[in-house]
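One letter stands for each residue in the lines below.
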Amino acid sequence: MSDQNWGSGQPPQNPPPYGQMPPQGYQSPTPAYPYATWISRVLASILDGFVVPLPGVILAIIGAVIAFSGSEVTTYDDGSVSAEGGNPVGIIVMVVGILAIFLIEVWNLVFRQGNTGQTLGKKWLGISVIRESDGVPLGPVVALLRWILMAILGGACFLNYLWPLWDPKHQCWHDMVVRSVVVRAS
């Protein structure tokens, strides 16, 4: 099967050259699964960004409360503020919480998504990230690259996140670079 026809049951066909009309009877290849909708991708990102790392966030907040609960805050005439007498145990708990947030995100977005095609948010919404060429999960290395590109391209231009609204494969730019698609899981 050609790279564009995985799972479609169609014989491989070469697409027409750019700018030319397709030959009579040409059908563009269809994926084995329908592409995920933009809203399902957004909701999965919200779940992955806010709900999944929640245990680490709670731990960091508890640590901050412990660290600064006994401190004395002084405000000076020039507007500066200083705090003294913080609890070192609270600071340690806060740092552990922040580290937990990072490790949860790496596990979810790199290892889980790389090996299964689904983050927890994607699993809850029934969508999956796969390689466009053969329909298998990306693997941790490509999932890490996709995550880095998502941060860079999304930070540089919010248009990256809106691109699936008019793209025929519902791809963001970071999906195009690593040649992945987000599909509804079977």
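Residues numbered from 1 in each chain as written. Predicted model: local features only at pLDDT ≥ 70, side-chain atom pairs only at ≥ 80, totals over all residues. Heavy atoms only, no water.

1. Looking at the overall build of the chain
Along the backbone of the chain there are seven helices and four strands. Counting from the amino terminus, the chain carries its helices and strands in the arrangement α-α-β-β-α-α-β-α-α-α-β. Taking all 186 residues of the chain together, 31% fall into the buried category. Accessible surface computed for the chain: about 11200 Å², of which carbon and sulfur atoms make up 67%. (Helix = DSSP H or I, 4+ residues; strand = E, 2+ residues; numbered from the N terminus. Buried < 20%, exposed > 50% of the residue type's maximum accessible area, 1.4 Å probe, protein only. Areas by Shrake-Rupley, 256 points an atom, 1.4 Å probe, with all protein chains shown as cover.)

2. With respect to the confidence of the model for the chain
Close inspection of predicted coordinates is inappropriate for parts of the model with low pLDDT. Residue-level pLDDT values for the chain average 84, and 81% of them are 70 or greater. Helix 4 (residues 120–125) holds the highest mean pLDDT among the elements of the chain, 95, whereas strand 2 (residues 81–84) holds the lowest, 70. For the stretch residues 1–5, pLDDT sits under 50, and the model shows 13 contacts to residues farther than four places along the chain or on other chains. (pLDDT = per-residue confidence, 0-100. Contact = heavy atoms within 4.5 Å.)

3. Examining the packing of aromatic side chains
Per the counting criterion, the structure on display carries three aromatic pairs. Joined through ring pairs, the aromatic side chains of Trp163, Trp166 and Trp173 make up one cluster. (Phe/Tyr/Trp six-rings, centres within 6.5 Å; stacked < 30°, edge-to-face > 60°.)

4. Examining the nonpolar core
The tendency in soluble globular proteins is for nonpolar side chains to be buried side by side. With six residues, the main nonpolar core is built from Ala36, Ala44, Ile127, Val129, Leu138 and Val182. Once you skip the residues sitting within four places of it in the chain, leucine 138 turns out to touch Gly114, Val129, Ile130, Arg131, Ala143, Arg146 and Ser180. (Core = buried A, V, L, I, M, F, W, Y, C linked by side-chain atoms within 4.5 Å.)

5. Focus on the packing of helix 2 (residues 54–68) against helix 3 (residues 88–116)
Relative orientation of the contacting elements helix 2 and helix 3 amounts to 165 degrees, with a least axis distance of 7 Å. As summarised for this structure, helix 2 and helix 3 are arranged roughly antiparallel, according to the angle between their axes. Two packed elements cross with a definite hand, and for helix 2 against helix 3 that hand is left-handed. Of the residues in helix 3, those touching helix 2 at Gly56, Val57, Leu59, Ala60, Gly63, Ala64, Ile66, Ala67 and Phe68 are Gly90, Ile91, Val93, Met94, Val96, Gly97, Ile98, Ala100, Ile101 and Ile104. Residues that form the contact of helix 2 with helix 3 fall into these classes: 15 nonpolar, four polar and no charged. (Axes fitted to C-alpha atoms, helices over the stretch in contact; angles between N-to-C directions. Parallel < 35°, antiparallel > 145°, perpendicular 65-115°, else oblique. Left-handed = near helix turned anticlockwise from the far one by under 90°. Nonpolar A, V, L, I, M, F, W, Y, C, P; charged D, E, K, R; others polar.)

6. A closer look at a nonpolar patch on the surface
Taken together, Ile39, Leu43, Ile46, Phe50, Val51, Trp124 and Leu125 make up a surface patch of nonpolar side chains, about 670 Å² in accessible area. Elements that contribute at least two residues to the nonpolar patch include exactly helix 1 (38–51) and helix 4. Along the chain, phenylalanine 50 turns up in helix 1. Residue classification places phenylalanine 50 among the exposed residues on the basis of a relative accessible area of 61%. (Patch = residues over 30% accessible without salt bridge, like charges linked within 9 Å, V, L, I, M, F, W, Y side chains within 5 Å. Salt bridge = Lys/Arg side-chain N within 4 Å of Asp/Glu carboxyl O.)

7. Quick notes on the layout of surface pockets
Approximately 520 Å³ is the volume found for the largest pocket. Contributing to the lining of the largest pocket are 22 residues, with Arg41, Ser45, Ile46, Met150 and Tyr161 lying nearest its centre. Put simply, the parts of the chain that give the lining of the largest pocket at least two residues each are helix 1, helix 3, helix 5 (140–156) and helix 6 (159–162). With seven residues, the top contributor of residues to the lining of the largest pocket is helix 1. Counted by class, the lining of the largest pocket contains 13 nonpolar, four polar and five charged residues. (1 Å grid on protein atoms, 1.4 Å probe; cavity = no way out; pocket = protein on both sides within 12 Å on 5 of 7 lines; lining within 4 Å. Points joined across faces, edges and corners; volume = space filled by probe spheres on them.)

8. Here we look at the pairing of strand 4 (residues 180–184)
Across the five residues of strand 4, four count as buried, placing the element largely inside the fold. Where strand 3 (residues 127–131) lies against strand 4, five bridges are found, and the strand directions are antiparallel. Paired with isoleucine 127 across the two strands is arginine 184, which belongs to strand 4. (Pairing = 2+ DSSP bridges.)

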